[in-house]
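Next come the chains, spelled out residue by residue.
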Amino acid sequence: MLGIIGIILAILFLMIGSYKGLSALPLTLLAALIVVLTNGMGLWESFSSLYMDGYVGTYLNYFLIFCCSALYAHVMTESGSTLSIAYKLLGWFGKKRVILASIIIVAILTYGGVSLFVVMFAVGPILYTMFQEADLPRHLIAAVLFAGSCTFTMTCLPGSPQLTNIIPSQYLGTPRTAAPVFGCIAAVAMFLMDYAYCQYCAVRARKNGEHWSFQKDFDASKYQTSDRDTLPSALVAFLPMLLLVLFIFIGGRFISDTALLSVSAMLLGSLSCYLLNFKKFQGMDLRKILGSLNNGITSIGSLSAVCGFGAVVQGSVAYSNIVEGVTSWEMSPYLLAVVATAVLAGVAGSSSGGARLMLSSMSDYFLSTGADMQILHRLIAISAGSLDSLPHATGIFLFNDYLGTTHKDIYWHCFWTALVPPAIIALVSAGIFTVIA
């Protein structure tokens, strides 16, 4: 019991510390210390092995992805392509529908296979210009990023290439398009709730007199122009992004290594943008362009630190007891799948981690119940994307690093877009399927 209390206290410490603006590294080290002391774990072994394995493993897995994503964002920005795309979207949707346009473009990319960790680099520069033109505060960019990247496209829509939708297939033998009708209905419901919240925030921001502002010491020159005739055409601007999405969507059928797939896509997008805008890049210093690879390193550090803390938690006896206790609850298969997945995702701070942990322990049980496996697949995916969005979730730290914000600025956007709607839909749907089963 003391160990479980320790894990809860550690997560609360992360929540409070992140609200106070502490960075990920000291926060996760201190939170891990709480877990170690309350679980009677070896101090040196816990940090030198568990924490560092989680930290270094994450750094190893995401280093090339983040650096190449930063290169892609830099090349697209320097070429003027992001400005061209932003102005074209503003022309199509208008400044009053910036929120809708932003969610749609993020959703298209993530449904096309671009991961949450990469999408902020791909669309961040575009959103900067759009929100600047609409004079909306920068923290609202986080709201549309959460709404478009880790909600309905990740867990609801049939065929989603995101890992949270793939894992149930691996354990239940279901297709990625499992329960397509239910998935589409859930996606529409989640989109409407998220869009309503984001639009409400935009209206409230205007009433409160909030305006756009760049973070301190930020080079804003690439996010505005007085002569739009110097920008690439819409076709030239959109083409690298289109090639990127198509490569991930089609290449995913032949390349099983997701890191290789993402890195290759980002390099293809960067190269195609460079070649399509070759005349514009001729006068630029190539060393400066390649130097943009460094821009992804800061974000990897935060992600790695949070994953290091997660590794310490998962190495504790209390964590094993939580998994064992949660998976032994007696209730209908549908409700059990939803509740167990959500709780484990919350403790792990990861949707895919929660789904994998639950299914590794319970997939055989579910297969023996006679429940509809496709419905279970969709419920597990949706519920995994709910409590994974507590304040120690990795995505929040990543968005803070990119946007120059804090948990205090953006966490409630995460809570009302990526936690509440999935939780409501998963619980209500599980109840309905339990009754009609």
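Our structure is the block above this text.
Since this is a predicted model, take the numbers as computed values, not measurements. Sequence order as written defines the numbering, with residues in each chain counted from 1. Reporting of local features is limited, given that this is a predicted model, to residues whose pLDDT is at least 70; pairs of side-chain atoms are given and counted only at 80 or more, and all residues count toward the totals for whole chains, interfaces and linings. Each side-chain value is worked out from all heavy atoms of the structure, with water and hydrogens disregarded.

A short note on the side chain of N39
Our working rule: Starting at the N terminus, helices and strands are each numbered in turn, a helix being any DSSP run of H or I of at least four residues and a strand any DSSP run of E of at least two. Polar contact is the term for a pair of N or O atoms within 3.5 Å; when the atoms are in protein, one must be able to donate a hydrogen and the other to accept it, and sequence-neighboring residues count only if both atoms are side-chain atoms. Throughout, a contact is declared for two residues whenever any of their heavy atoms are within 4.5 Å.
Residue position: N39 is located in the loop between α2 (24-38) and α3 (43-79). Looking at N39, its side chain comes within polar contact range of the main-chain oxygen of G3, at 3.4 Å. Within the structure, N39 has its side chain in polar contact with the backbone oxygen of V35 (distance 2.9 Å). With residues near it in sequence (within four places) discarded, N39 still touches G3, I7, S316, V317 and A318.

A few points about the nonpolar core
For soluble globular proteins, nonpolar side chains are generally found buried alongside one another. Short version of the rule: In this text, buried Ala, Val, Leu, Ile, Met, Phe, Trp, Tyr and Cys residues form a nonpolar core when linked through side-chain atoms within 4.5 Å. Remark: exposure states derive from per-residue accessible area (1.4 Å probe, protein chains only) relative to the maximum for the residue type, with buried under 20%, exposed over 50%, and partly exposed in between.
Judged by nonpolar contacts, the single largest core of 143 residues is most densely connected at I7, F66, L127, M130, F131 and F309. In terms of residue count, the dominant contributor to this core is helix α6 (residues 116-134) (14 residues). Each residue touching F66, except ones within four places of it in the same chain, is listed here: F117, M120, F121, G296, S299, I300, L303 and L398.

Regarding the state of the cysteines
Note the threshold: We call a pair of cysteine sulfur atoms a disulfide whenever their separation is within 2.5 Å.
Scanning the entire structure with this criterion turns up 0 disulfides. Residue C150 stays outside any disulfide, its sulfur separated by 6.2 Å from that of C414, the closest cysteine. We classify C150 as buried; its relative accessible area is 7%.

Observations concerning the packing of aromatic side chains
Condition: Within 6.5 Å between ring centres, the rings of Phe, Tyr and Trp (the latter by its six-membered ring) count as paired, and their orientation is classed by plane angle as stacked under 30 degrees, edge-to-face over 60, tilted in between.
Counted by the stated rule, this structure contains 27 aromatic pairs. With a centroid separation of 6.3 Å and an interplanar angle of 25 degrees, the aromatic rings of Y51 and Y55 are classed as stacked. Taken together, the residues Y51 and Y55, both in helix α3 and 4 residues apart, mark about one turn of the helix. Summarising the burial analysis for this pair, Y51 and Y55 share the class buried. Aromatic pair Y411 and F415: ring centres 6.3 Å apart, planes at 50 degrees, arrangement tilted. Of this pair, Y411 and F415 both sit in helix α21 (residues 407-436), 4 residues apart, roughly one helical turn. Taken together through their ring pairs, the aromatic side chains of Y62, F66, F121, Y128, W212, F214, F218 and Y402 make up a single cluster.

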